[in-house]
Structure formats: C-alpha cells, structure tokens
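# Understanding the architecture of this molecule
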Amino acid sequence: MLLDELKNIVGPKAWTNDEAALEPHLTEWRGAVRGRTPIMVSPANTDEVAAVVKACAAARVGIVPQGGNTGMCAGAVPDDSGTQVILSLSRLNRIRAINVQDFSLVAEAGCILASIQEAARSAGRYFPLSLGGEGSCQIGGNLATNAGGINVIRYGTARDLALGLEVVLADGAVWNGIRTVRKDTAGYDLKQLFIGSEGTLGIITAAAVKLFPNPGATTTALIALNSADDAVTLLSELRVALADRIEAFELIGSRAFELVRRHIPNTRLPFESPYDWFILVEAAVDPDQEELQNLLLQAARLGTIEDAAIAKSVQEAGQFWRMRHSISAAEKLEGASLKHDISVPTDRINAFLSSGKHRIEERIPDASLVVFGHVGDGNLHYNLHVPTGFQELATQIVYELVAELGGSISAEHGVGVLKKTALLTYKSEQDLNLMRSLKMTLDPLKILNPGKVI
Ligand SMILES: Cc1cc2nc3c(=O)[nH]c(=O)nc-3n(C[C@H](O)[C@H](O)[C@H](O)COP(=O)(O)OP(=O)(O)OC[C@H]3O[C@@H](n4cnc5c(N)ncnc54)[C@H](O)[C@@H]3O)c2cc1C
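Here's a quick rundown of the structure. No experiment lies behind these values; they were computed from the predicted model shown. For every chain, the first residue of the written sequence is number 1, and numbering continues from 1 onward in sequence order. In keeping with the model being predicted, local features are shown solely for residues with a pLDDT of at least 70 and side-chain atom pairs are shown and tallied solely at 80 or more, while totals for entire chains, interfaces and linings include all residues. Hydrogens are left out, water is left out, and the side-chain values use all remaining heavy atoms of the structure.

## Remarks on the overall build of the protein chain
Inclusion rule: Each helix is a run of H or I in the DSSP string that is no shorter than four residues. Each strand is a run of E no shorter than two, and both are numbered from the N terminus. Throughout, radius of gyration means the C-alpha value; the globule benchmark is 2.2 Å times the number of residues raised to the power 0.38. For each residue, the accessible area found with a 1.4 Å probe, counting protein chains only, is set against the maximum for its type, and the residue is called buried under 20%, exposed over 50%, and partly exposed in between. For this analysis, residues touch if any pair of their heavy atoms sits within 4.5 Å. Here the open area of atoms and residues is found with the Shrake-Rupley method and a 1.4 Å probe, where only the protein chains shown may cover a residue. When charges are tallied, Lys and Arg are placed among the positive residues and Asp and Glu among the negative ones, while His and the ends of the chain are skipped. The location of each charge is read from NZ of Lys, CZ of Arg, CG of Asp or CD of Glu.
Each helix and strand in the protein chain was counted, giving 17 helices and 16 strands. Taken over the C-alpha trace, the protein chain has a radius of gyration of 22 Å; the compact-globule value for 454 residues is 22 Å, and the two agree within 12%. On the principal axes, the C-alpha backbone points of the protein chain span a range of 70 × 55 × 45 Å. Residues counted as buried form 50% of the 454 residues belonging to the protein chain. Counting contacts in the protein chain only where the partners sit at least 6 residues apart, residues at least 24 apart contribute 73% of the total. By element, 50% of the accessible surface of the protein chain is carried by carbon and sulfur atoms, the whole surface being about 20,000 Å². Charged side chains in the protein chain number 42 positive and 52 negative. The centres of these two groups are separated by 5 Å.

Rendered as structure tokens:
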C-alpha cells in the first residue's frame, strides 16, 4: 500500500526497485556497509518530498535521505531490514536565485557542490566550500554533515556558510527558513539544528548560502618538512605575515603521497630528496609580488622548512591539488584501513601526532599510518592499517588521546552508523540526553534516518 502511494506521489520515472539501479545507493563510498530497501524514490520538488514523508510517517516507515552518497560514515544508506525507503534528493537540482549585491545564492538540496561553485563563478562571485567529493556530493548533504574541506581555515564550515534553510519536517510539514539576512537575534537559530544532523531531524530541500568576492590571484606552494612540529609553526607565522589571507593549508604525511604515486597515474612530487611531511598551501596573494616566496625563503633560512615548490602556472597548482585530492581514492585502491577523522586544538597537533605514533607502536605490531588533513583547522585524517584483531584497540588508542587533548572524534565526516558507538563513549551523558530530547521533539515517530547518529 505504502509503496503504491509513494509511486503515485513521484510518478513512474522517479522510483526504482530494480536491483542493478539500486546497487550504488545501497553501499557507502568505501563499501564497508551495505543495506537493503524496498524502493528508492526521487521526488522532483519540495511538495513531493513532503508528501513522501507524510505517507511514510502514516505507515511508520523509516526514510533515509540520500544526497551524493559520498559520506564517509554510512549515514546515507539504509539498514539491512529491507524496510527503509531511500529518498534521493538528486532531482531537486535547481539554483533558485543568485543575488550578487547580497552575496547570496539559493539552491535546492540536490545541487551538486561543483555546480554551485560554477554558478557563483559565472555571476562573478565565489562559493568557497570545496572538498574531494565536490563533483558528486550535494549541497543538502554538505549541510546535513556540516562538511568542512580545504577552505575552512578562511571561510568556515558549511555551518558558517548557511544563511537559511527549507526543511521538510518529520510530519511532512515544510519549514520555510530560507532567508538571506545576516544578522538575526530574534529567537533560536533553528537552521543550525538541522545542519550537521545527518538527516535525523529533518530533510533539507533548499538552502540559502553566503557568497564571497573572488579571492583573485593566488599563490600555491608545495612545501617539504622533516617534522610536523614545523607545520604548526609555519602556519602561525604565515597567518600573521599574510594577515590571514590563507585559503588552504593542508598537511600530508609521506605515506599518503606514496599511495597516490603508487595508484594514481601521472603523479609525482617536485622534490629530489625524500621528506616525512608536506604542506600544500594556497594564499590569496599575487604570485608576481613574490610575497609567499619571500616568506618561504625566510622560513627555509630559519630551518622551519626543508624545501618548497611554488606552482608556476594554474596547471601546476592543479597538479599539486590533484595529488592532495587523490589521497582518499588511492587509500581505497590500497585496501581497507581504519579511518579516523579527528580534530584537536591546533596547538596540540604535535602532541597528538607524537603521542599517537608512540602509543600505537608500543601496543600494535606492524601498524602503518596514513596521515593527512586540514591542519589549519586542527583536523587530521588519521588512518591506520593494522593486523587483524587490533582494529578495536587502535581506534580506542586514537579516541582516548583525542579526548585527553580536548578534541573531537568526528571533525567533518559526521557520525552516521560507523561512529555511533564511539559517540556514546566520548560524548557526555548530558550532551547525549540533550540530543535525545531534540530527536524526540522533532521526530517523535523516529522515522527520519533511523539508526543513525543517536
Ligand atoms: C574523495 C572524497 C573526499 C572527501 N573530502 C571531504 C572533506 O574534505 N571534507 C568533508 O567534510 N567531507 C569530505 N568527504 C565526505 C563527503 O563528501 C561529505 O560528507 C559530503 O558533505 C556528503 O555529501 P553527500 O551529498 O554525498 O551526502 P550523503 O553521503 O548522501 O549523505 C550524508 C548524510 O547526510 C544525509 N543527507 C544527505 N542529503 C540530505 C538532505 N538533503 N537532507 C537531510 N539529510 C541529508 C544522509 O542521510 C547522510 O546521513 C569526502 C568524500 C570523498 C568521497
């Protein structure tokens, strides 16, 4: 009955129960979790999303909102009960408005992130959210996970870029919170409840986001270091010297680049000697003025850095970024590993890296580490290959250290299914109880992405 109702709501071409068509929607990006579903529906607009939610609420059937399914915590795939409906946002893909004077853009949730960047660029503006999955992830998914990416250091996370949301609530009502006003202290900031809630409190159908002036000429450099300590020192020196005109500042361990060179064609480092660590920095400074070059020369004289290659063209900068963005794909090709997406205050990164390595080496034989991340945000992807039987211990070592250093077990990928148990361990009982009461208030029937987050 429900299935017929859903088919009627979205029309004949916008649902499927075909096994082959469903396959990519049942497995998360790394293939670690696989679910089942009786149907995937792809509504064309907000009213259809609302009707689908209303019908599922009446039948008490769980709904799993799915964007680009690039999430790293299996939040967008159904469980294995075979009862949960997948609600794909991919047909809600219109840019509703761009206002150049207001520096704002309104897009439907299913717009691919890269298409929003392009729409902003065509209008002479800049949308700074940028991450490896930008060719397939959607703005709704970005907001639902509070995505970060490479430009957080200057522009903040998805949460900081949101001005307003349109959300279908658990009873099928539409909350119209699309506004572009920047200052609003009239009551609670309701949109922030839905951002980062991974589809468990409401289904985002559209968003108003901030645009920025184009940063103009940028200088990109790949820098070699022998110690990660120096990365934090360099970052703080460049932040001061460039008055925060740093667009991105990525730390990459040598093993991460080793995997990229092994698995991704046409990738090579511009250095003759081997180094332990690399920084990929992009600064909003004109390369012709040699501002960044001079600062790096000074850092080399002081011994903070070992070597640096400044991109001589947009193409060369693109090659540096291609290597950085290929790390996740190269890791996937290398085989399964334990992924930790952690953050600590930036001044504790060195403590985290040195104690982490020490504790892992002491207790786990033959562990190998792949480390990279957005060091300017204190966020590291700290991934481990460990022998069978040591996975649980490895994650415990990492998360305990993160807790000691006042960090977070999930800096940008969210919780989904994969970090649910860890959330229960590392969040306080008070935090968890507040989260549970919000869930009960906004989704009393527990039909929105059941089994995820809390
Ligand atoms: C190569 C690669 C690199 C990546 N790099 C980064 C990075 O640097 N930074 C970063 O933060 N992430 C990164 N990610 C992870 C991922 O791209 C982000 O989490 C992204 O924001 C997910 O968007 P999506 O549309 O794919 O969402 P999905 O994976 O489809 O969904 C993610 C979660 O959001 C929910 N959801 C999706 N759409 C909606 C909606 N409209 N309303 C309510 N809930 C919804 C889903 O139910 C699920 O719980 C990377 C992924 C890949 C594959």
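## Describing the site of the ligand
The cut-off we apply is this: By convention in these notes, a residue is near a molecule or strand provided one of its non-hydrogen atoms lies within 4 Å of it. Distance and chemistry together define a polar contact, namely a pair of N or O atoms within 3.5 Å, with one atom able to donate a hydrogen and the other to accept it when in protein, and with adjacent residues in sequence counting only for side-chain atoms on both sides. Under the convention adopted here, Pro, Cys and the residues Ala, Val, Leu, Ile, Met, Phe, Trp and Tyr are nonpolar, Asp, Glu, Lys and Arg are charged, and Gly plus all remaining residues are polar.
For the ligand, the set of nearby residues contains 36 residues, the closest of which are Pro65, Gly67, Gly68, Thr70 and Gly71. Here an oxygen atom of the ligand and a backbone polar atom of glycine 71 are 2.8 Å apart. Within the side chain of glutamate 412, one N or O atom sits 2.8 Å away from a nitrogen atom of the ligand. Those elements giving two or more residues to the shell around the ligand turn out to be strand S3 (63-66), helix H5 (139-144) and strand S9 (203-210). Sort the elements by how many residues they give to the shell around the ligand and H5 lands first, with 4 residues. Taken together, the residues of the shell around the ligand break down into 12 nonpolar, 22 polar and 2 charged.

## Let's talk about the side chain of asparagine 151
Tracing the backbone shows asparagine 151 in the loop between H5 and helix H6 (152-155). There is a polar contact of 3.3 Å between the side chain of asparagine 151 and the side chain of tyrosine 126. Residue contacts for asparagine 151: discarding those within four places in its chain leaves Tyr126, Pro128, Ser130, Gly156, Glu247 and Ala248.

## Considering the packing of aromatic side chains
Quick reminder of the rule: Each Phe, Tyr or Trp ring, with Trp reduced to its six-membered ring, pairs with another whose centre is within 6.5 Å; inter-plane angles below 30 degrees give stacked pairs, above 60 give edge-to-face pairs, and intermediate values give tilted ones. Sitting over a ring, as applied to charges here, requires NZ of Lys or CZ of Arg to be within 6 Å of the ring centre and within 35 degrees of the ring normal.
Evaluated as defined, the whole model comprises 8 aromatic pairs. Ring geometry for phenylalanine 352 versus tyrosine 382: centroids 4.8 Å apart, planes at 70°, classification edge-to-face. One end of the pair, phenylalanine 352, is in helix H14 (residues 349-363); the other, tyrosine 382, is in strand S16 (residues 379-385), with 30 residues separating them in the sequence. Overall, the relative accessible area of 1% leaves tyrosine 382 in the buried class. In this structure an aromatic cluster arises from ring pairing among Phe257, Phe271, Tyr275 and Phe278. In this structure, arginine 125 packs its charged tip against the face of phenylalanine 103, placed 4.2 Å from the ring centre. Between lysine 332 and the ring centre of tryptophan 29, over which it is positioned, the NZ or CZ distance is 4.3 Å.

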